[in-house]
Amino acid sequence: MNSFLQDSVFFGVFISIVTYEIGALIKKKWNVAIFNPLLISIALIMIFLLVFDVEYETYEYGAKYLSYFLTPATVALAVPLYEQLEPLKKNWKAIMAGILAGALTSAVCVLVMSILFRLTHEQYVTLLPKSITTAIGMGLSEELGGIVAITVAVIVVTGIVGNMFAEGICRLFRITDPVAKGIGIGSASHAMGTAKAMEMGEIEGAMSSLSIAVSGLLTVIISILFSHIY
Amino acid sequence: MKYLKQLLIILIFTFAGEILHYVVPLQIPASIYGLVLLFAALVLGFIKLPQVEETAKLLIEVMPLMFIPAGVALLESWGDLKPILIPVAAIMVVSTVLVMGVSGKVTQGIMTHAGKKQKGEAKDHE
């Protein structure tokens, strides 16, 4: 099995897309945050590799070509950011302050809890990018010397947590303004939270997607500074 | 040809980002330089939205696929994650709740303070 699959460049790409589509179908049928297509795809591929005793390298041999497009795709995030320019201009002080406060809260929280749990520097920088979009978080984790695979898992699960509890958290903190809700959700839980924000309303969705890019950029700078603290 | 031309423009910015990443001695990922450069070019009008829009949206739509290999790599790094599973879970939940609460609350506080939202029900300021 290994030797045949090893020769097939397309196996990795093929199984990635098939499992992702299965995930998308499941998500469509039961609209629950935990049924995230990305999570389902990753889980199914892991099960496949374990059951058929296929090496990760065999999968990665073809699948790595998928990752090659991550850098240009991240650059392309400039387009949705540009489209949010008008709403940003209207409330820019409140929005920038809110996103900055969120990014700082995330870094301080990870720092304090990493010290409490006595994590290593490598584990600490792995967690620093947890609230931002995977595209930026992956690159950041790599730059800081973190364990990229764990960063990806943590980002995805953070997004699911944010998606599931967004409404409850807004109620808990008495956040009633749609702009503030969107900023909070996007700052804490990137694209997966934004999916929830879009269900909550148009302003919430637009503000949440704006926070993805801005928070990602701010977190890069904050994380680099914070990586020297511990 | 439309998609190809748009991809070319995006790749030019990507490449410019990689050059900056190589030249500037900071830990900023190449993609971030590219993102900022493309955003600046759009704001300044060097690049018009229709020159990149379709390909950019296509790339963003298929982006989740690009994370799958890194996620599956967890099989390899499971040994690194296992001993810190509980701290990681705790950090994830606590910080997600706090980040969402704080950034939403600060945004709301400043907007209420600026008087832009007179009807806002928020009483406390951050």
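Keep in mind that what you see is a predicted model, and the values were worked out from it rather than measured. (Residues numbered from 1 in each chain as written. Chains lettered and ligands numbered in written order. Predicted model: local features only at pLDDT ≥ 70, side-chain atom pairs only at ≥ 80, totals over all residues. Heavy atoms only, no water.)

Colleague: Quick rundown of the overall build of chain B? Include the residues and the values.
Modeller: Helix and strand content of chain B: 6 helices and 0 strands. Radius of gyration (C-alpha) of chain B: 21 Å, far over the 14 Å computed for a compact globule of 126 residues. Here the C-alpha coordinates of chain B stretch approximately 55 × 50 × 30 Å along the principal axes. If you take every contact in chain B between residues at least 6 apart in sequence, the share linking residues at least 24 apart comes to 43%. As displayed, chain B offers around 6800 Å² of accessible surface, 70% of which is attributable to carbon and sulfur atoms. Seen as two clouds, the 10 positive and the 9 negative side-chain charges of chain B have centres 11 Å apart. (Helix = DSSP H or I, 4+ residues; strand = E, 2+ residues; numbered from the N terminus. Rg over C-alpha atoms; globule rule 2.2 N^0.38 Å. Contact = heavy atoms within 4.5 Å. Areas by Shrake-Rupley, 256 points an atom, 1.4 Å probe, with all protein chains shown as cover. Lys, Arg positive; Asp, Glu negative; His and termini not counted. Charge placed at Lys NZ, Arg CZ, Asp CG, Glu CD.)

Colleague: Describe helix α12 (residues 178-200) of chain A, listing the residues and the values that go with them.
Modeller: Residues and elements named next belong to chain A. Taking 1.5 Å per residue as the helical rise, α12 with its 23 residues ought to reach 33 Å, whereas the 9 Å between its terminal C-alpha atoms falls clearly short. Approximately 140° is the largest bend angle found in α12, and it occurs at His190. Most of α12 is tucked away: 17 of the 23 residues are buried. Of the residues that open α12, the one with a side-chain oxygen 2.8 Å from the backbone nitrogen of Val179 is Asp177. (Expected span 1.5 Å × (residues − 1). Bend = angle between axes of the 7 residues up to and from the residue. Buried < 20%, exposed > 50% of the residue type's maximum accessible area, 1.4 Å probe, protein only. Polar contact = N/O pair within 3.5 Å; in protein donor to acceptor, adjacent residues only side chain to side chain.)

Colleague: Please set out the pattern of salt bridges residue by residue, giving values where relevant.
Modeller: All names here are of chain A. Inspection of the entire model under this criterion finds 6 salt bridges over all chains. One salt bridge in this structure joins Glu86 and Lys89, with 3.7 Å as the shortest N-O distance. In this pair, Glu86 and Lys89 both sit in helix α7 (residues 85-90), 3 residues apart, roughly one turn of the helix. For Glu86, a relative accessible area of 51% translates into the label exposed. Where Glu167 meets Lys196, a salt bridge forms, and the shortest distance between an N and an O atom there is 4.0 Å. Of this pair, Glu167 sits in helix α11 (residues 148-172) while Lys196 sits in helix α12, placing them 29 residues apart in sequence. (Salt bridge = Lys/Arg side-chain N within 4 Å of Asp/Glu carboxyl O.)

Colleague: Describe the packing of helix α2 (residues 10-29) of chain A against helix α3 (residues 37-51) of chain A, with residues and values.
Modeller: Residues and elements named next belong to chain A. Relative orientation of the contacting elements α2 and α3 amounts to 130°, with a least axis distance of 8 Å. Considering the angle they form, α2 stands oblique to α3. For the crossing formed where α2 meets α3, the hand is right-handed. For the pair formed by α2 and α3, the contact residues are Phe11, Ile15, Ser16, Thr19, Tyr20, Ile22, Gly23, Ala24, Ile26 and Lys27 on the first element and Pro37, Leu38, Ile40, Ser41, Leu44, Ile45, Phe48 and Leu49 on the second. (Axes fitted to C-alpha atoms, helices over the stretch in contact; angles between N-to-C directions. Parallel < 35°, antiparallel > 145°, perpendicular 65-115°, else oblique. Left-handed = near helix turned anticlockwise from the far one by under 90°.)

Colleague: Can you lay out the side chain of A:Ser223 for me, pointing to particular residues and giving the numbers?
Modeller: Residue and element names in this part refer to chain A. Relative to the elements of secondary structure, Ser223 occurs in helix α13 (residues 202-226). When its relative accessible area of 1% is taken as the criterion, Ser223 is described as buried. In this structure Ser223 touches Leu128, Leu140 and Leu144, once residues within four positions along its chain are discounted.

Colleague: Requested: an account of the confidence of the model for chain B, with residues and values cited.
Modeller: Detailed reading of the predicted model is not advised wherever pLDDT is low. All names here are of chain B. On average, residues of chain B score 88 in pLDDT, and 91% of them are at 70 or above. Confidence, read as mean pLDDT per element, is least for helix α4 (residues 63-72) in chain B (86) and greatest for helix α1 (residues 2-23) (95). Within the model, pLDDT remains below 50 along residues 116-126, and this stretch shows 16 contacts once partners closer than five positions in the same chain are excluded. (pLDDT = per-residue confidence, 0-100.)

Colleague: How would you explain the interface of chain A and chain B if you had to name every residue and give the values?
Modeller: Listed per partner, the contact involves 90 residues of chain A and 69 residues of chain B. Taking both sides of the interface into account, the surface hidden between chain A and chain B amounts to around 7400 Å²; carbon and sulfur atoms contribute 81%. Applying the counting criterion to the chain A and chain B interface returns 1 salt bridge. A salt bridge links B:Lys57 to A:Glu83; the shortest N-O distance between them is 2.8 Å. Put simply, chain A and chain B have 9 residue pairs in polar contact (both at pLDDT 80 or more) between them. (Buried area = accessible area lost by both parts, 1.4 Å probe.)

Colleague: Can you break down the nonpolar core residue by residue, with the values?
Modeller: Core analysis: the largest hydrophobic core is formed by 96 residues, its most contacted members being A:Leu38, A:Tyr59, A:Ile95, A:Leu128, B:Met63, B:Ile68 and B:Val72. Of all the elements, α13(A) adds the most residues to this core, at 10 residues. The next biggest cluster of nonpolar side chains, apart from the first, holds 10 residues, and it includes A:Cys170, A:Ala180, A:Ile185 and A:Ala197. (Core = buried A, V, L, I, M, F, W, Y, C linked by side-chain atoms within 4.5 Å.)

Colleague: Tell me about unusual backbone geometry, and name the residues and values.
Modeller: What you tend to see is this: most non-glycine residues have negative phi, and most peptide bonds are trans. All names here are of chain A. Positive phi outside glycine occurs at Asp53, with the angle close to 55°. Topologically, Asp53 is positioned in the loop between α3 and α4 (56-67). Residue classification places Asp53 among the exposed residues on the basis of a relative accessible area of 61%. With a phi close to 55°, Arg118 is a non-glycine residue in the positive phi region. Considering the arrangement of structural elements, one finds Arg118 in the loop between α8 (92-116) and α9 (121-127). By relative accessible area, which is 72% here, Arg118 ends up exposed.

Colleague: Outline the domain arrangement of chain A, supporting the account with residue identities and numerical values.
Modeller: When the parts of a complex come together, some accessible area is lost, and that lost area is often taken as the interface size. Residues and elements named next belong to chain A. Taken domain by domain, chain A consists of domain 1 (2-68) and domain 2 (78-226). Once you take the C-alpha centre of each, domain 1 and domain 2 turn out to be 26 Å apart. Taken together, the contacts link 6 residues of domain 1 with 6 residues of domain 2. Carbon and sulfur atoms make up 79% of the surface buried where domain 1 meets domain 2, a total of about 550 Å² over both sides. A per-residue breakdown of the area domain 1 buries against domain 2 is headed by Ala33, Asn36 and Leu39, which together make up 56% of the total. For the pair domain 1 and domain 2, the interface holds 0 salt bridges. Partitioning the side of domain 1 that touches domain 2 into residue classes produces 4 nonpolar, 2 polar and no charged. (Domains from an automatic or database assignment. Nonpolar A, V, L, I, M, F, W, Y, C, P; charged D, E, K, R; others polar.)

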